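Working through the structure, step by step
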Amino acid sequence: MRFEQFIILIVLLSILLQGCLSQCANCVTCSGATCSVCQSNFYLVMGASCSQCDTTCLTCSGGGNYQCTSCVMGKFLNGSNGCQNCNSNCYSCSTAANHCHACLSGNYLDDTNCNSCNGACAICQSQQGQYWNGLGCSSCPAACASCSSNLYCVTCTTGYTVSNGICQCNQGTFGPNCDPCPVNCATCTSLTDCQICNGSNKDVNSACSCTSGYYDAGSAQCSLCATYCVQCTSLTNCTNCNALNLINGICTCPSGQFQSGTSCLSCQDPCSTCSSLTFCLSCVDTARSQNGSGSCVCHSNYIDIAGTCTPCISPCATCITTVNTCQSCVSNDMILSSNTCSCPFGKYQSGNTCSACTAPCSSCSGNATYCLSCTGSNRTLTSNQCSCDSGYFDFSGSCTQCSQYCASCTSSTNCTNCQYLTLIGGVCTCQTNQYQSGTSCINCMAPCSQCTSSAFCTACVATDRSADGSGNCVCLPKFYDNSGTCQSCYPSCATCNNFTTCQSCLDVLMDLSSVPPCQCPQQYYQQGNSCQQCSLPCLECNGSAASCTSCFGANRILVNNKCPCDTGYYENGSNCNFCESQCQNCTSLVNCTSCLISNMIIQSGVCQCQQGQTLVLNSCQQCQLPCTECIGSINHCSQCYDLQTTIVSGVCECNTSYYMDQNYICQICSKNCNECQNNYNNCTSCNGSHVQLIQNTCVCDFGYVFINNLCQQCIGPCAQCFNSVNYCTQCIDSQSVIENGNCLCQLNQIFDNNFFCQNCQSPCKQCLNSVNFCIACNDIQMQITSSGQCMCNLGYYEDQNHICQVCILGCLICTNFSECIQCEQTYILTSQLQCQECQPPCKQCEGSATQCTSCVSSLMKIINNQCQCISNYFVQDNECLICGIDLCNKCISEKICLECQAIPQVILISNQCQCKDGYYYNGTYCQVCDGNCLTCGSNSNECLTCDFEQHRALSIDFKCQCIQNYFEAILSNFQTVCQCNQNTYFQNVIKITERIILIANLLTYLMAFGLMESNVMTETKINRDGCSNGKIDQGYYCTNIILQPSICYKCLDNCASCDSFLKCNQCNPQYMLSLDLCIQCSDLCEECSGSVNNCLKCKYLSQKRNCITCEEQKGFYNKMQDGSCYSVCGDNVLAITEQCDDGNLLDGDGCSQSCFLEQGFMLLNGTITNIVYPIPTLQVTYQQLYDSTRNLTLYYDQPLLLQYINLTSDIQIIMNDLVLDKDYVIDFQDNSIFNQDLQIIEFFNITIKIAFYESIDDIQLILKFKNRNLFKTTKQVAQNVEILTVKVSKYQFIDQQTVNTTQGAIQSNLYLLYMLLSLLIISILFGGIDIFYNLLDLVQMLSYLQYVNTEFPYNLEKFLNLFQFAQIQFFNQYIQLSNYYSSEINDSQITRAPKKIQDDGYSTSMIVNFSTIFALWAGLIFSYILSLRYLQINIQMLNLLQNYIDNLATLNYQGMLVDEAIILLQWILSYFYIFSK
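Residues numbered from 1 in each chain as written. Predicted model: local features only at pLDDT ≥ 70, side-chain atom pairs only at ≥ 80, totals over all residues. Heavy atoms only, no water.

The secondary structure content of the protein chain amounts to 12 helices and 149 strands. Counting every position in the protein chain, which comprises 1477 residues, the buried fraction comes to 36%. Roughly 84600 Å² of accessible area belongs to the protein chain as shown, and the carbon and sulfur atoms make up 51% of that amount. (Helix = DSSP H or I, 4+ residues; strand = E, 2+ residues; numbered from the N terminus. Buried < 20%, exposed > 50% of the residue type's maximum accessible area, 1.4 Å probe, protein only. Areas by Shrake-Rupley, 256 points an atom, 1.4 Å probe, with all protein chains shown as cover.)

Here it is, written out as structure tokens:
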């Protein structure tokens, strides 16, 4: 072995035998780094640390085997304080090996001897709590689980520990019952007398309460009180301060004062509260407020006049120069002109607001009805009141003209003075015996007593005459005109032409054609002038009702003027009834005995069909759905399939708010509908008020929206809303914008009380609730206070333009760039109000840059205001580095020591600290070497040099052994010496022993250098003593000697694994390995490498590859219990772990209580808003049956953001699971406009034309979006609809041959029509009105056939289209009469025409259809006048026209011709009668 290896071996062995270096390791009580009480099997070294006793010792006073104070079980303490083995059958003994207290299993104690236990003795010992007393079983003392006698316990019950044969209470308990000590006491004698405390910073004399400056934090821990607090009950509840004032449990300054160091100084006027002498937080004068720069200025509605804040005079909101020189107005409605506030035209000032004048005032003053000018026309201003002119009356705020001939009136129906005619009952009219002619009243002429003109009577003078519908006075009923005289008719006539020719009878039952006239019919007989009915069963009778001449029905026979029942029938009162129709035999109507129909059943004597069937055409047939039970026919229901139905006239109709689907199930209507048809949204009536029915859809009035089936008014700022009262589609303020249904002002604006946008007041960039309550500031260096004020961050000041300017270097608070009020912690404030940086190693200083108050390193301490490294450390580059020398207290470099630790037997030699000769360093102090060693290494038995005078020499295993010819001898005082041996036998024994020792030590040497595998063999079963279950515990290293127990030692503090005391392999978390030692990482590092600031893993958070504290990451806080970072949901600060944070913990507002976005919401520019998806709509326009093209319209409900869309490839049209391609022509109109760069399409509306080349039935077409993400809103929200469906009407394919044949036939028919038209014209001119009428009637009937509700063949439909000209629609289509009244008439109030009629453009409006009648009659009149002038026209034409009018009345197609039109034609016809005469 080389000398260098030998030296290394010596050093390694010295390190391996070091004890536990952590001064608090194995301590029961430790104060700081000083141990006061050690655990069992350890002893106190120099009152500071604990070292382990010898393995034979239970307790000891030192580390040697001769320093025991008590022994482990199975040994006893001899007179030399060493532990010797008891006898082999002794479990424990004392004073001598055979003086036993307890015996091993299978033995019992007889006095002090252990004898073998058999028979009854063994049975006794097997029972818990029993022992054998030599004669029988006895019970052990209390608390003993097992014992050897009544004086010696071997094991104890729970809660007790055996000590010298006595069961004592466990540590932490007291008293005979082992009651637990108070929570803070480790040991005690009573509840009020603690001997040793748990934890640190506790006073044992005060029941282990926390010392001054600390508080009880639970878990037996004392935590430091807050700054300036010397006594507290928690971190936030101080009870005594050493500086400042105690206010609400906090050491702070009272209101009106600010903190300056450890003192409180009073704020100066005008500050009420302040943060410094020059920075106000609030003001004394209530008319002043802090302006964000720490100054008190007048409120905005005040003006500073000679240092006094004087309020502006209304209507000034703010003023300048004087209190009535306005700068702004109290109301947004007011107009500021020349520094004067006034209300606009149409309003007057009412307090601080402008109120609207009341109609009819267009302008007013003082109040709403004191008019200065009037609205509208036909009004006159008199005494500041607006009155209607003469001939007008006030109606809904406007002057409306009185009715015709009325000079003055109060309403349209109440005239008070007439200009013409006579005032009768509030109306200007004529007397009853007069008629009106222009503006005059003319008396009626005989025979009229009342009339409407000179030739039209409405009442007659003669009492036997009355006026008919033509205005003529004719005879009364039962009279006829005989040469101007009214004479009576035949007695039974009601009216007649002459006495025997009746026109009507007195009794409606009489026969007008009988001779004589008006005779009673069959079943009646005449009694006077009336017909009386014969009594049943008489069919005919004579003289009386019961004298039959014939019988009623075929079931009776006539016998002696009586009608009894025929055989096969039964009598039922006065009737002969046949057996019930389905009965083959019966005894009465309700008692059938057999049935005619085989599948009928008899129930209660009646033949009935089975359940769900009814009798139809002599057979029982199943009821047709929705009927489950029916009567008379299969669709006349008596019970319905769905419970939500009501039977009306045998028809199952769904209840209100339901409609019936194709499966006969009643489905609920749309929530907006009160009633609907065919589908859920085809409404026929609506719910609630403020709602209109438009085109079968319930639509709320403007400003209202459907909520819970009712129209509810939109909430401001919405003028119009959608889906909810606060989802805006139109805003009150037209300057505001709408985003996702919200009316928003610009970012620098807010809504006022009237929902108009007002600019935020600088320095607010954004504000809330008021223009000066900021939520965002103009400058990024500003922060917002709890009162909504923008203040510059620390290190900045606000200039006159409300911009934050940076303070001078090191300044925390300043008023301008050159004057600092408070410096940063590492700076001091000079007398020139400048900041000077503290000089390292000072971290903080006071007085001057070199007078330290804190240091840059935690390993430094302050002595005389200077930072110096603590013991065993030296300063280098303002950092404290550990001395690399054991036992060194003070050093100037890693290897040069100037002063050793104050440990006995330690001396300084050549700047190195070492123990004196005869001592070795055990890691804590210098301990004496074994008596055989002159000097020793790492333990007392590891000799380095030997005393040759004692005949000893150093062996290879570092032992001082006797030299040759000497042997070990034990003296009476147990000391060993080398004595000379003359006996060869003993010499040979010594040589053999020396060889065995040499081989064993060689093996130990090989294992120590890793040349041989080490197996830890130990008998201990105690965990965490360095060796557990044959393996080395973590944080320990062990030395192994063959056939001896291993000796294990703890690594240095913070070392997880080591090879020796000074060679650590792996460090604990937050420490790094440097020169085989563990150095603590920076406070921000969890793991580091290379240097303490080079973090591999951060303790808190990382940001841009740097470790930061929790508070440096927005939205994070530090958990004081374990130092971990956490974010708080609901603090209105968005952390990186949160999707949103709206300042509350409520669900349903878009942000859940766990700060995740809820379904249907998104975060847009920091604001939570609803996700509004673009909604596509697909509609199909109506196409004719034989039209091969179908037009689809695709549009969206909002603008889209599109880019490079090819509709042909991005949209598929699918029919019956087949994608339409080459077999169909699909044309996307305006497709090219989407093949551009990114663009916003305000109105996306395209038409898709599909051409079919084969017949189709009513089918559903599917429009599929292959990529929905291409269709986005302007907010980048993609549509969520993938498929749209639409129903396409039937198309009937017509081959080309049929088309050609039909067109040829139609061409031929056209020539015939031209000939007919020629005949019509000729017939009119030459008086052939009957020919004209018949031709026109025939052609019109043909034209109307196409409106029959059926599908015609192609050729027939084309043929019928030829006759459309006969409907005379060209006049209406030419003048478009509907355009002149459409704005005045609500389409929903007009009856809808059938589909075919509607598709041809017909209207059900009387006004529109009158244009057609007018065109017809205008042509006829023109032709008539022409014929009168040039040809002679027979009066027959007028009769034919009268018949034509009658026919027109029958051709009334749902309001196309109304009664008013017929009456008008009749009036024209009567005029022509007169004209013709």
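So that's the structure; there's more coming.
Right, let's talk about the pairing of strand β51 (residues 406–411) for a bit. Pairing geometry for β51 and strand β52 (residues 414–418), over four bridges, is antiparallel. Looking at β52, one finds that C406 is bridged to C418. Connecting β51 to the next strand, β52, in antiparallel fashion are two residues. (Pairing = 2+ DSSP bridges.)

The next subject is the packing of aromatic side chains. On inspection of all chains with the given rule, the structure shows 10 aromatic pairs. Each member of the aromatic cluster is reached from another via a ring pair, and the members are Y1196, F1244, F1265 and F1271. (Phe/Tyr/Trp six-rings, centres within 6.5 Å; stacked < 30°, edge-to-face > 60°.)

Our next topic: a nonpolar patch on the surface. A cluster of nonpolar side chains, contributed by L625, Y641 and I665, occupies part of the molecular surface with about 250 Å² of accessible area. Mapped onto the secondary structure, L625 falls in the loop between β76 (620–622) and β77 (627–630). (Patch = residues over 30% accessible without salt bridge, like charges linked within 9 Å, V, L, I, M, F, W, Y side chains within 5 Å. Salt bridge = Lys/Arg side-chain N within 4 Å of Asp/Glu carboxyl O.)

On to the state of the cysteines. Throughout the structure, instances matching the rule amount to 89 disulfides. Sulfur-sulfur distance for the disulfide between C760 and C767 comes to 1.9 Å. Handedness here is read from the sign of the S-S torsion; for C760 and C767, about -80°, the answer is left-handed. Each member of the pair, C760 together with C767, is buried. A sulfur-sulfur separation of 1.8 Å characterises the disulfide bridge that pairs C1081 with C1088. Given an S-S torsion of about -80°, the disulfide between C1081 and C1088 has left-handed geometry. The buried category is assigned to C1081, whose relative accessible area is 6%. (Disulfide = S-S within 2.5 Å.)

Attention shifts here to the nonpolar core. Among the nonpolar cores identified, the biggest contains 27 residues, and L1194, I1211, F1244, L1261, L1263, F1265 and F1271 are the most heavily contacted of them. Contributing elements (two or more residues each) for this core: β140 (1189–1196), β141 (1200–1202), β142 (1211–1215), β146 (1245–1251), β147 (1259–1265) and β149 (1283–1288). Broken down by element, this core gets its largest block of residues, four residues, from β147. Setting aside residues no more than four positions away along its own chain, F1271 makes contact with P1174, Y1196, L1200, L1202, I1205, L1207, I1211, F1244, F1265, V1277, A1278 and Q1279. Counting residues in each nonpolar core, the second largest holds 23 residues, with C57, C883, I885 and I903 among its members. (Core = buried A, V, L, I, M, F, W, Y, C linked by side-chain atoms within 4.5 Å. Contact = heavy atoms within 4.5 Å.)

With that out of the way, let us pick up the pattern of salt bridges. Summed over the entire model, instances satisfying the criterion amount to five salt bridges. The salt bridge involving R379 is made with D394; its shortest N-O contact spans 3.1 Å. Taken together, the positions of R379 in strand β47 (residues 379–382) and D394 in strand β49 (residues 392–395) put the pair 15 residues apart, joining distant regions of the chain. Classification of R379 by relative accessible area gives buried; the value is 12%. Note that R465 and D481 form a salt bridge whose closest N and O atoms lie 3.3 Å from each other. Taken together, the residues span a long stretch of sequence, with R465 in strand β59 (residues 465–467) and D481 in strand β61 (residues 479–482) at a distance of 16 residues. Sharing partners across several salt bridges, the network here consists of D285, R288 and D304.

In this section: unusual backbone geometry. Cis geometry marks the peptide bond from S314 to P315, where omega comes out at 15°. Structurally, P315 can be placed in the loop between β38 (308–311) and β39 (316–319). Geometrically, the link from L625 to P626 is a cis peptide bond, its omega value of 15° lying close to zero. Phi angles above zero are rare outside glycine, and S649 is one such case at about 55°. On the secondary structure map, S649 appears in the loop between β79 (645–648) and β80 (651–654). Overall, S649 belongs to the exposed group, its relative accessible area being 67%. Look at N911: it is not a glycine, yet its phi comes out positive at around 60°. Of note, N911 is situated in the loop between β113 (906–909) and β114 (912–915). N911 sits in the partly exposed class, given a relative accessible area of 33%.

In terms of polar contacts, R379 uses its side chain to reach the side chain of D394, at 3.1 Å. Each residue touching R379, except ones within four places of it in the same chain, is listed here: P360, C374, C386, S387, C388, D389, D394, G397, S398 and C399. (Polar contact = N/O pair within 3.5 Å; in protein donor to acceptor, adjacent residues only side chain to side chain.)

Per-residue confidence for the protein chain averages 78 on the pLDDT scale, and 82% of its residues sit at or above 70. The low-confidence segment residues 1451–1462, where pLDDT is below 50, has 21 contacts with residues more than four positions distant or belonging to other chains. Of the regions scoring below 50 in pLDDT, residues 1467–1477 engages in 15 contacts with residues more than four places distant in sequence or in other chains. (pLDDT = per-residue confidence, 0-100.)

On to the environment of Y1049, then. Here Y1049 lies in strand β126 (residues 1047–1050). Between the alpha carbons of Y1049 and G1035 there is a distance of 8.6 Å; along the sequence they are 14 residues apart.

The next subject is the environment of L710. Structurally, L710 is set in strand β88 (residues 710–713). Taking the C-alpha atoms as reference points, L710 and N687, separated by 23 residues in sequence, lie 6.3 Å from one another. Ignoring any residue separated from it by four or fewer positions in sequence, one finds L710 in contact with N687, G688 and V705.

Our focus in this paragraph is the sheet that holds β141. Pairing is antiparallel in the open sheet, where three strands are placed in the order β145-β141-β148. Edge strands, defined here as strands with exactly one partner in the open sheet, are β145 (1239–1241) and β148 (1272–1273). Two elements, β141 and β145, share three bridges in a ladder whose sense is antiparallel. Each residue of the ladder has a partner; that of L1202, found in β145, is Q1239.

Strand direction decides the pairing type here: strand β11 (residues 107–110) and strand β12 (residues 113–116), joined by four bridges, are antiparallel. By the bridge assignment for β12, D110 is matched with N113. Once β11 ends, the chain turns through two residues before running back antiparallel as β12, passing D111 with a positive phi of about 65°.

Take the environment of L1185 next. Structurally, L1185 can be placed in the loop between β139 (1176–1180) and β140. For L1185, a relative accessible area of 14% translates into the label buried. Residues within four places of L1185 in sequence aside, it is in contact with R1190, K1290, Y1291, Q1292 and E1351.

Turning to the side chain of T1193, a few remarks are in order. Structurally, the position occupied by T1193 is in strand β140. Among residues more than four places away in sequence, those in contact with T1193 are T1177, L1178, Q1179, N1245, I1246 and T1247.

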